[in-house]
Amino acid sequence: MTGASSRGPAAARAIVAGDRRVLARTITAVENGDPSADRILRALYPQSGRAVVVGITGPLGVGKSSLVNALVGLLRSRGESVGVIGVDPSSPFTGGSVLGDRIRLERRADDTGVFFRSMASRGAAGGVAAATREVARLMDSAGFDVVLVETVGSGQVDVAIRDIASTSIVVVVPHLGDEVQTLKAGLFEIADIFCVNKTDLPGADLAEKDLAELVTLGERSDGWAPPVVGTSTIEPTRGIRELWDDVLAHEQFLDTSGERARGERRRLSAEIVGIARDRIGQELTRRLERDPSLRRLLDEVVAHRIDPRAAAERLVRGGRRSR
Amino acid sequence: MAKARAPRKRPVRVLIAKPGLDGHDRGAKVVARALRDAGMEVIYAGLRQTPEEIVRAALEEDVDLIGLSILSGAHMALFPRILALLKDQGGQTIPVFAGGIIPDEDARRLKKAGIRAIFGPGTSLEEIVTTARSLVRHPS
């Protein structure tokens, strides 16, 4: 998107007016860290904060994409517009990726009330890409009522969705493990809603029971008790309406309890620090590579004469010898 | 502090789709995997896509390249339709390549219509990857 910087406000207006092509190109610029996106993001920020942003996470193969498709169907039948982000992993070896979340999407090709974007994780840990939050915010600014973010098939510590979504659904299937698995730290801690998918399979009732029990073992600090809902995306689908009712109940809880404002502050504080950390990191990397005295410092560390902590101290002090 | 963030190296985004009604997707999957291994981000749209769905996916995903796989024989109807829709919707600069069972005479006509490269059975993956890369470098 070369030349977009001069068109920042115009591009922002086009996105708000519903120009999907400009939205698509701006998402690309954001993903690529193209500085031309900065002005567009800046111009759009005041328009954001209206959409319900819901995270759908859970291990690979539990049916996240199919659930997203079912939720899109339900929301469209209620006249709500939906932006979807499907994140899949990038290869740590080649950087390549196969993005297959779109494959489950069924919708009319002329339905402008749905916008689906696939994203590769591009080396980010945690289950989403570095740019996912800003892309969700773009969709929010573009006027979508709901933004669904489907994470990479997650592992036990992939909890980054919590920094993007106001409601996180953790999806599991029967026979993922015994009840002690549900007690472990990480993924299961971030669930605002537990979804046991594939209830057409045997063992679903046991999985639902284990999760319902987990919820009773202790109280969450915010006072929300995550509901457990069973779903099946095979026609006739089951539990999709109930799943969305639970999302709305949690969103209402966020408003009435004051947790939304607290969560927003926490998320935005982390975002500001994260962006600042990235920029400072890039600057320090640049200095270490270009400043001759700092390059000598690196030589000293390589030769085991100065330890990395002392060198880092000198680096952040701009190369001056500390004390 | 340096003002501009250094733009990250931009991976090529490519849509691989199967228009029409045949269910043989092994070829499309082999190509998708080869392009993945070449460092590209492959949006795999899967089987039985209409031209409208393919064009919509290409524009939403803002791809640099579109690859179509077809074995049903309906290429003379579906490919020109996809090219026409792309043109209508402002995506005419996205290069389109194709693979499958496409007779030489049809291939000539399709290339004239704007399909940039056509790969028949036996084409090496290396050739497909090399061509895909060069199409992205020279979009029109």
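Just above sits the structure.
Residues numbered from 1 in each chain as written. Chains lettered and ligands numbered in written order. Predicted model: local features only at pLDDT ≥ 70, side-chain atom pairs only at ≥ 80, totals over all residues. Heavy atoms only, no water.

Draft legend 1. Here's a closer look at the nonpolar core. Residue and element names in this part refer to chain A. Core analysis: the biggest nonpolar cluster contains 47 residues, and Leu 23, Ile 85, Leu 138, Met 139, Val 147, Val 149 and Phe 194 have the highest contact counts within it. Each of domain 1 (7–47) and domain 2 (48–257) contributes no fewer than three residues to this core. Filtering out sequence-adjacent residues up to four positions away, Phe 194 remains in contact with Val 170, Phe 188, Leu 211, Leu 214, Val 215, Pro 226, Pro 227, Val 228 and Val 229. (Core = buried A, V, L, I, M, F, W, Y, C linked by side-chain atoms within 4.5 Å. Buried < 20%, exposed > 50% of the residue type's maximum accessible area, 1.4 Å probe, protein only. Domains from an automatic or database assignment. Contact = heavy atoms within 4.5 Å.)

Draft legend 2. Just the pairing of strand E4 (residues 96–100) of chain B, in detail. Residues and elements named next belong to chain B. Among the 5 residues in E4, 5 count as buried, and that is most of the element. Of the two faces of E4, the one lined by Val 96, Ala 98 and Gly 100 and the one lined by Phe 97 and Gly 99 are each fully buried. Note that strand E3 (residues 65–70) and E4 share 5 bridges and pair parallel. Across the sheet, residue Ile 66 finds its bridge partner in E4, namely Val 96. Read from E3 through helix H3 (residues 75–88) to E4, the crossover connection turns out right-handed. Bridging between E4 and strand E5 (residues 117–119) involves 3 bridges; their strand directions are parallel. Bridge pairing in E5 places Phe 97 opposite Ala 117. (Helix = DSSP H or I, 4+ residues; strand = E, 2+ residues; numbered from the N terminus. Pairing = 2+ DSSP bridges. Right-handed = clockwise from strand over helix to strand, strands pointing away.)

Draft legend 3. How the structure looks around helix H11 (residues 308–316) of chain A. All names here are of chain A. By the burial criterion, the buried members of H11 are Ala 311, Arg 314 and Leu 315. Each buried residue of H11 lies within a common arc of 105 degrees when the element is viewed along its axis, so the set occupies one face. For H11, the exposed residues lying more than 90 degrees away from the buried face are Arg 309 and Val 316. The secondary structure elements touched by the buried residues of H11 are helix H9 (259–290) and helix H10 (292–302). Phi turns positive one or two residues past the end of H11, at Gly 318, with a value near 75 degrees. (Arc of directions from axis to C-beta.)

Draft legend 4. Layout of the sheet that holds strand E4 (residues 114–120) of chain A. Residues and elements named next belong to chain A. Pairing is parallel in the open sheet, where 7 strands are placed in the order E4-E2-E5-E1-E6-E7-E8. Unpaired on one side and paired on the other, E4 and strand E8 (228–230) mark the two borders of the sheet. Neighbouring strand axes in the sheet, compared pairwise and without regard to direction, differ in orientation by 20 degrees on average. Two elements, strand E2 (residues 82–88) and E4, share 7 bridges in a ladder whose sense is parallel. If you follow Val 87 over to E4, its bridge partner there is Met 119. Running at roughly 170 degrees to strand E5 (residues 146–150), helix H4 (residues 64–77) makes contact with strand E1 (52–57), E2, E4, E5, strand E6 (167–172) and strand E7 (193–196) of the sheet. Helix H8 (residues 240–257) rests against E1, E5, E6, E7 and E8 of the sheet, and its axis sits at about 145 degrees to E6. (Axes fitted to C-alpha atoms, helices over the stretch in contact; angles between N-to-C directions.)

Draft legend 5. Just the environment of Ala 130 of chain A, in detail. All names here are of chain A. As for its placement among the helices and strands, Ala 130 is situated in the loop between E4 and helix H5 (132–141). For the pair Ala 130 and Ala 160, spaced 30 residues apart in the sequence, the C-alpha separation amounts to 9.8 Å. If we ignore the near neighbours within four places in the chain, the residues touching Ala 130 are Ser 121 and Ala 124.

Draft legend 6. A look at the pairing of E5 of chain A. Residue and element names in this part refer to chain A. Extensive coverage of E5 is indicated by the burial of 5 of its 5 residues. Both faces of E5 are covered, namely the face carrying Val 146, Leu 148 and Glu 150 and the face carrying Val 147 and Val 149. Where E2 and E5 come together, 5 bridges link them in parallel fashion. Bridging from a neighbouring strand, Val 82 pairs with Val 146 of E5.

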